[in-house]
Amino acid sequence: MTTPTSRHLPPDVHRTALNGCDVRYLHVGSGTPVVFVHTLRTQLEMFLQVIEQLDTTQVEVIAIDLPGHGESTAPPVDYTAGYFTDAVESLLDHLDLHKAVFVGESIGASIGLILAARGNPRIAHVVAVNPYDYGRWGGARRSSPLNNVVFTTILWPVLGPIVARAGTPGHARAFRSLCLQWRTWLSARAQYGAITLPVTLVYGDEDWSRPAERDANAREIPGAHLVTLKATGHFASLETPKEIADLIQALN
């Protein structure tokens, strides 16, 4: 699998202040806006293999480093689902986007669904890939027995900050806060019934979510189109980038 850091960024990278955070984002191309929002513990580079397959004379690509991720800063706040959603919503407003396709993966998918439930007027379609809205104490614990131990330890008062340590100032605290706020991602599911815009709900058949949880989301989101990607886990844009690009291009 190609890792996000092993590929080169286009030169169109910008920074802006949003909700107390200095946010890094990629902005390139013209046409239909396509907004990419990444998983927990990754950054905007995870989408480069998808972006490379899009025609940027036809689409306007925006990809964000979420607060506390990548090269964005990590303000001293509670990293709830609502906080992340507010930050992304502020970027949509800052760029004055209209009729955008929102492509989110993991927590990024959940952010897109929350924005849709809010009735955000800048979004026309959500492609929600492996939403992160399941699992007591956080769905990432299901990824492996080791991660179950690691994510459990992160919640402990003394050892947690040590286990969550990261190289960028504030990112360890931000990641631990995200883990502590796991309930906010689960409770966001209660908003899905308010969604009125089109949603393509995408799951890898090897995602951490369980089939019953996927089916429940498909029922809860009015009119959702459910797509299952074969031989694909939680990080679909890294594992099967062509399939993700094809889903986006089919909307244009």
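Refer to the structure above for everything that follows.
Computed from a predicted structure; not experimentally measured. (Residues numbered from 1 in each chain as written. Predicted model: local features only at pLDDT ≥ 70, side-chain atom pairs only at ≥ 80, totals over all residues. Heavy atoms only, no water.)

Trainee: Would you mind showing me how to read the overall build of the protein chain here?
Mentor: Across its full length, the protein chain carries ten helices and eight strands. Per-residue burial for the protein chain yields a buried fraction of 56% across its 252 residues. Relative to all contacts within the protein chain whose residues are 6 or more apart in sequence, the contacts with residues 24 or more apart total 71%. For the protein chain, the exposed surface amounts to about 10,400 Å²; the carbon and sulfur share of it is 54%. (Helix = DSSP H or I, 4+ residues; strand = E, 2+ residues; numbered from the N terminus. Buried < 20%, exposed > 50% of the residue type's maximum accessible area, 1.4 Å probe, protein only. Contact = heavy atoms within 4.5 Å. Areas by Shrake-Rupley, 256 points an atom, 1.4 Å probe, with all protein chains shown as cover.)

Trainee: What am I meant to see in the nonpolar core here?
Mentor: The tendency in soluble globular proteins is for nonpolar side chains to be buried side by side. Phe102, Ile111 and Val126 are the most contacted members of the largest nonpolar core, which has 49 residues in total. Setting aside residues up to four positions removed in sequence, Ile111 forms contacts with Val37, Leu66, Phe84, Thr85, Val88, Phe102 and Trp185. Judged by nonpolar contacts, the second largest core, of 27 residues, contains Val59, Ala63, Val127 and Leu229. (Core = buried A, V, L, I, M, F, W, Y, C linked by side-chain atoms within 4.5 Å.)

Trainee: Just to check I follow, could you spell out the pattern of salt bridges for this structure?
Mentor: Side chains that carry opposite charge are capable of pairing whenever their charged atoms lie near each other. In the structure shown here, the tally under the stated rule is nine salt bridges. The salt bridge partner of Asp65 is Arg24, with a shortest N-O separation of 2.6 Å. Placement of the pair is Asp65 in the loop between β4 (59–64) and α2 (81–94) and Arg24 in strand β2 (residues 21–29), with a sequence separation of 41 residues. Pair check on accessibility: Asp65 and Arg24 agree, each one buried. Its salt-bridge partner being Arg122, residue Asp96 comes within 3.0 Å of it at the nearest N-O pair. Of this pair, Asp96 sits in the loop between α2 and β5 (100–105) while Arg122 sits in the loop between α3 (107–118) and β6 (123–129), and the two are 26 residues apart along the sequence. A residue is classified by how much of its surface remains accessible, and Arg122, at 15% relative accessible area, is buried. When salt bridges with common partners are traced through the structure, they connect Arg24, Glu45, Asp65 and Glu71 into a single cluster. (Salt bridge = Lys/Arg side-chain N within 4 Å of Asp/Glu carboxyl O.)

Trainee: Looking at this structure, I do not really get helix α10 (residues 241–249). What am I missing?
Mentor: Along an α-helix, a turn takes 3.6 residues, which lines up residues three or four apart on a common side. Residues of α10 that are buried include every one of Pro241, Ile244, Ala245, Leu247 and Ile248, and no others. Looking down the long axis of α10, one finds its buried residues gathered within 160 degrees of arc, a one-sided arrangement. (Arc of directions from axis to C-beta.)

Trainee: Could you clarify how one ought to interpret the sheet that holds strand β7 (residues 199–204) in this entry?
Mentor: In sheet architecture, strand pairing relies on hydrogen bonds along the backbone and comes in two forms, parallel and antiparallel. If you trace the eight strands from one edge of the open sheet to the other, you get β1-β2-β4-β3-β5-β6-β7-β8, paired in mixed fashion. The two strands at the open ends of the sheet, each matched to only one other strand, are β1 (13–18) and β8 (225–229). Strand after strand, the sheet turns through a mean of 20 degrees between neighbouring axes, direction not considered. In the sheet, β2 pairs with β4 via five bridges, with the strands oriented antiparallel. Bridging across to β4, His27 finds its partner in Ile62. Helix α8 (residues 211–220) contacts β7 and β8 of the sheet and is inclined by roughly 175 degrees relative to β7. (Pairing = 2+ DSSP bridges. Axes fitted to C-alpha atoms, helices over the stretch in contact; angles between N-to-C directions.)

Purely spatial values, then, with no claim about function.
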